[in-house]
Amino acid sequence: RKMEENQLDHETLSCSICLDVLKNPVTIPCGHSYCMNCIKSHWEREDQKGIYSCPQCRETFTPRPVLKKNTVFAALVEQLKKTGLQAAPAGPEDVACDFCTGRKLKAIKSCLFCLASYCEKHLQPHYDVAPLKKHKLVEPSKNLQENICSKHNEVKKMFCRTDQKCICSLCLMDEHKGHDTVSAAAERAERQIELEVRREKIQQRIQDREKDVKLLQQEVEAINHSADKTVEDSEKIFTELIRLLQKRSSDVKQQIRSQQETEVSRVKDVQEKLEQEITELKRKDAELEQLSHTEDHSQFLLNYPSLPAPSESTHSSSIKVRRLRHFEDVTAAVSELREELQDVLRETWKQSSLTLTEVDVLLSETEPVSRDGYLKYSCEITLDPNTAHKWLVLSRENRKVTRKAQHQSYSSHPDRFTHWRQVLSRESLTGRCYWEVEKKGRVYVAVAYKNISRAGSGNECLFGGNEESWALDCHQNRYKFGHNNIWTSISGPVSSRVGVYLDHRAGTLSFYSVSESMTLIHRVQTTFTQPLLAGIWVGFACHVEFCEP
């Protein structure tokens with residue numbers, strides 16, 4: 001009865017908006033109470049209408065009521081908190097207590113042995129009763145029923161390593177008879193160790209990458225500072241150069257105009273003298289013409305001796321008409337200067353471009369020289385079930401693919417390969433990536449663009465048979481490399497493990513035989529235009545597993 005009273009107190013002192021115990025309670029004119037912030041937020045959404053309503057009874061108010069703290073409710077809430085019975089009711093997203101009657105409270109723990117969830121009150125026996133203390137408590141979970149075998153209605157306390165699934169004890173005597181089985185706790189303990197090792201590797205990689213990012217950030221700052229300083233200096237230099245060219249242009253112009261004035265003055269002096277001579281000759285010619293028309297012979301003979309004889313011209317022999325070439329030498333000199341300047345600028349720009357290229361080369365890291373160096377770029381790759389051909393089985397958390405002789409019950413999917421026994425990775429690969437696969441039998445180790453065709457038996461769907469994919473055919477004691485359906489035989493040491501190194505930006509794809517040492521099998525130098533996916537083609541009764549980084 002006391003618990004029912006406490007439950008009633010909780011309901012009475014709960015806000016119907018947030019469903020939690022009232023915080024800073026206020027009571028509006030209709031008598032209903034809310035958290036101050038909750039009712040304020042509700043009324044702020046009604047400001048445009050100018051009419052304010054109660055979320056429970058829908059009574060309306062105009063104008064907006066002034067909110068005042070309800071001191072009685074506030075005191076009750078404080079008293080409820082002191083009693084420790086303020087557990088919140090379960091919301092739609094919460095896990096509800098399986099033992100609460102009436103209004104369910106929010107669970108704070110789930111028990112893996114009882115397969116039930118408990119609020120704080122109903123959980124107390126697990127802390128007080130000796131047998132219950134041995135139960136495994138975890139964070140509240142809605143998926144407890146997944147721990148029950150649907151066939152035998154028993155708790156799944158065993159793990160089948162053969163089929164990689166949790167089973168109950170009765171399954172051991174049924175379809176899992178003869179399989180490699182251990183307790184779920186033992187498998188969890190073993191995988192927990194593996195998980196910690198993987199976490200350590202990932203955390204180390206995170207630290208390494210953070211150091212790399214910091215170094216690259218410093219390099220970016222250095223590049224930006226150098227570029228800004230260079231732009232500033234070059235602008236000053238080019239401004240000075242332009243000023244010098246403008247001054248030289250002004251000087252040349254002034255010299256040309258001065259020479260022009262001198263030459264024109266000289267020519268005009270000569271021209272003026274010639275014009276005076278022409279005027280004098282015309283006058284003498286007029287006198288002779290007049291005498292030639294005299295009919296009186298005596299008069300003609302009398303006047304003729306008094307006319308002066310024509311004098312020899314002092315200019316006609318010295319003046320020659322020639323093509324004007326007065327300033328062509330200057331034009332040629334300026335043209336020559338322009339060509340020399342262009343050559344200097346072209347050579348300077350070429351040297352600048354070479355310097356930038358050298359900087360770019362220095363910034364890009366060199367390819368690793370040891371396996372440890374490659375492992376720094378290790379990436380975790382998992383296979384996408386939606387792409388797997390129906391004769392392929394994925395296992396080990398989708399890192400292993402095995403070819404079977406019968407169809408699997410896969411659903412139809414547009415990404416699935418319909419003819420070739422192939423599968424692609426979930427992860428898109430860019431930047432620098434390295435991964436290793438452990439193989440048995442004939443397989444293709446490949447990379448492909450996401451837009452590679454999936455439906456049909458043509459080369460457009462086969463790894464290595466088109467422009468969208470690159471594949472290494474690993475077959476017994478030989479290799480073949482294929483791209484765009486051009487296959488090349490390659491010699492190299494054969495091992496069960498193949499390493500793949502991708503430098504997407506540099507356009508490098510390398511395949512290695514990995515044993516006690518790494519031996520390069522084949523390297524491709526190209527330009528990748530899209531992110532890549534890892535791919536596997538599997539021969540009959542063969543399998544491939546992506547190794548953990």
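Residues numbered from 1 in each chain as written. Predicted model: local features only at pLDDT ≥ 70, side-chain atom pairs only at ≥ 80, totals over all residues. Heavy atoms only, no water.

Draft legend 1. Geometry of the overall build of the protein chain. Regarding its fold elements, the protein chain presents nine helices and 23 strands. Within the protein chain, contacts between residues separated by at least 24 positions form 53% of all contacts whose residues are at least 6 apart in sequence. With the model as given, the accessible surface of the protein chain reaches about 36000 Å², and the carbon-plus-sulfur share is 53%. (Helix = DSSP H or I, 4+ residues; strand = E, 2+ residues; numbered from the N terminus. Contact = heavy atoms within 4.5 Å. Areas by Shrake-Rupley, 256 points an atom, 1.4 Å probe, with all protein chains shown as cover.)

Draft legend 2. The pairing of strand E21 (residues 518-525), seen in detail. For strand E20 (residues 508-514) and E21, the ladder comprises seven bridges, and the chain directions are antiparallel. The residue of E21 that forms the bridge with Phe-511 is His-522. Hairpin connection between E20 and E21: a loop of three residues separates the two successive antiparallel strands. (Pairing = 2+ DSSP bridges.)

Draft legend 3. Examining a nonpolar patch on the surface more closely. Together, Phe-238, Ile-242 and Leu-345 make up a nonpolar patch on the protein surface, roughly 270 Å² of accessible area in all. By the secondary structure assignment, Leu-345 is in helix H8 (residues 328-363). Owing to a relative accessible area of 38%, Leu-345 belongs among the partly exposed residues under this scheme. (Patch = residues over 30% accessible without salt bridge, like charges linked within 9 Å, V, L, I, M, F, W, Y side chains within 5 Å. Salt bridge = Lys/Arg side-chain N within 4 Å of Asp/Glu carboxyl O. Buried < 20%, exposed > 50% of the residue type's maximum accessible area, 1.4 Å probe, protein only.)

Draft legend 4. Here's a closer look at the sheet that holds strand E5 (residues 109-111). Taken in spatial order, the three strands make up an open sheet running E6-E5-E7, and their pairing is antiparallel. Of all strands in the sheet, those with a lone pairing partner are strand E6 (116-118) and strand E7 (137-138), marking the two edges. Pairing geometry for E5 and E6, over three bridges, is antiparallel. When the bridges of E6 are listed, Ser-110 appears paired with Ser-117.

Draft legend 5. Main features of the UniProt feature "coiled-coil region" (unreviewed entry) in the protein chain. Sites flagged by UniProt as "coiled-coil region" (unreviewed entry) map to residues 199-226 and 257-294. End C-alpha atoms of residues 199-226 are separated by 40 Å, and the span's content is 100% helix alongside 0% strand. Along residues 257-294 one finds 95% helix and 0% strand; the C-alpha atoms at either end are 55 Å apart. (UniProt positions renumbered as here; feature names shortened; annotations may be inferred.)

Draft legend 6. The arrangement of the sheet that holds strand E23 (residues 543-546) in detail. If you trace the seven strands from one edge of the open sheet to the other, you get E11-E12-E23-E14-E19-E20-E21, paired in antiparallel fashion. Here the strands that pair on one side only, and so sit at the sheet edges, are strand E11 (392-395) and E21. Strand after strand, the sheet turns through a mean of 20° between neighbouring axes, direction not considered. Both strand E12 (residues 400-403) and E23 contribute to a ladder of three bridges, which runs antiparallel. Looking across to E23, one finds that Val-401 is bridged to Val-544. (Axes fitted to C-alpha atoms, helices over the stretch in contact; angles between N-to-C directions.)

Draft legend 7. Unusual backbone geometry, seen in detail. Cis geometry is found at the peptide bond from Thr-62 to Pro-63, where omega equals 0°. Of note, the phi angle at Arg-58 is positive, near 65°, even though the residue is not glycine. Examined against the element boundaries, Arg-58 turns out to sit in the loop between strand E3 (52-53) and strand E4 (60-61). In this structure Arg-58 comes out as exposed when scored by relative accessible area, which is 56%. Although it is not a glycine, Asn-485 sits at a positive phi angle of roughly 65°.

Draft legend 8. Region of interest: the environment of Ile-148. Take Ile-148: it is sitting in the loop between E7 and strand E8 (158-160). The exposure class of Ile-148 is buried, given its relative accessible area of 17%. Taking the C-alpha atoms as reference, Ile-148 lies 7.8 Å from Cys-168; in sequence the two are 20 residues apart. Residues in contact with Ile-148, not counting those within four places in the same chain, are Leu-115, Asn-153, Glu-154, Val-155 and Lys-156.

Draft legend 9. Here's a closer look at the nonpolar core. Residues Val-401, Leu-429, Trp-435, Trp-470 and Leu-509 are the most contacted members of the largest nonpolar core, which totals 37 residues. The next biggest cluster of nonpolar side chains, apart from the first, holds 18 residues, and it includes Cys-15, Cys-54, Val-77 and Leu-80. (Core = buried A, V, L, I, M, F, W, Y, C linked by side-chain atoms within 4.5 Å.)

Draft legend 10. Spotlight on helix H4 (residues 120-128). All buried positions along H4 are accounted for by His-122, Leu-123 and His-126. Each buried residue of H4 lies within a common arc of 100° when the element is viewed along its axis, so the set occupies one face. Set apart from the buried face of H4 by more than 90 degrees, the exposed residues are Glu-120 and Lys-121. (Arc of directions from axis to C-beta.)

Draft legend 11. Structural detail: the side chain of Ser-513. Examined against the element boundaries, Ser-513 turns out to sit in strand E20. Residue Ser-513 is classed as buried on the basis of its relative accessible area, which comes to 2%. Within the structure, Ser-513 has its side chain in polar contact with the backbone oxygen of Pro-493 (distance 2.9 Å). At 3.0 Å, the side chain of Ser-513 forms a polar contact with the side chain of Ser-495. Among residues more than four places away in sequence, those in contact with Ser-513 are Tyr-479, Pro-493, Val-494, Ser-495, Arg-497, Met-518, Thr-519 and Ile-521. (Polar contact = N/O pair within 3.5 Å; in protein donor to acceptor, adjacent residues only side chain to side chain.)

Draft legend 12. Seen up close, the pattern of salt bridges. For the structure shown, the criterion picks out 26 salt bridges. Residues Glu-397 and Arg-399 are paired through a salt bridge, measuring 3.1 Å at the closest nitrogen-oxygen approach. Classification of Glu-397 as exposed rests on a relative accessible area of 51%. Of the charged contacts, one joins Arg-432 and Asp-503 as a salt bridge, the two residues approaching to 3.3 Å between their closest N and O atoms. Residue Arg-432 is found in strand E14 (residues 432-440), and its partner Asp-503 is found in strand E19 (residues 497-503); the two are separated by 71 residues along the sequence. Overall, the relative accessible area of 9% leaves Asp-503 in the buried class.

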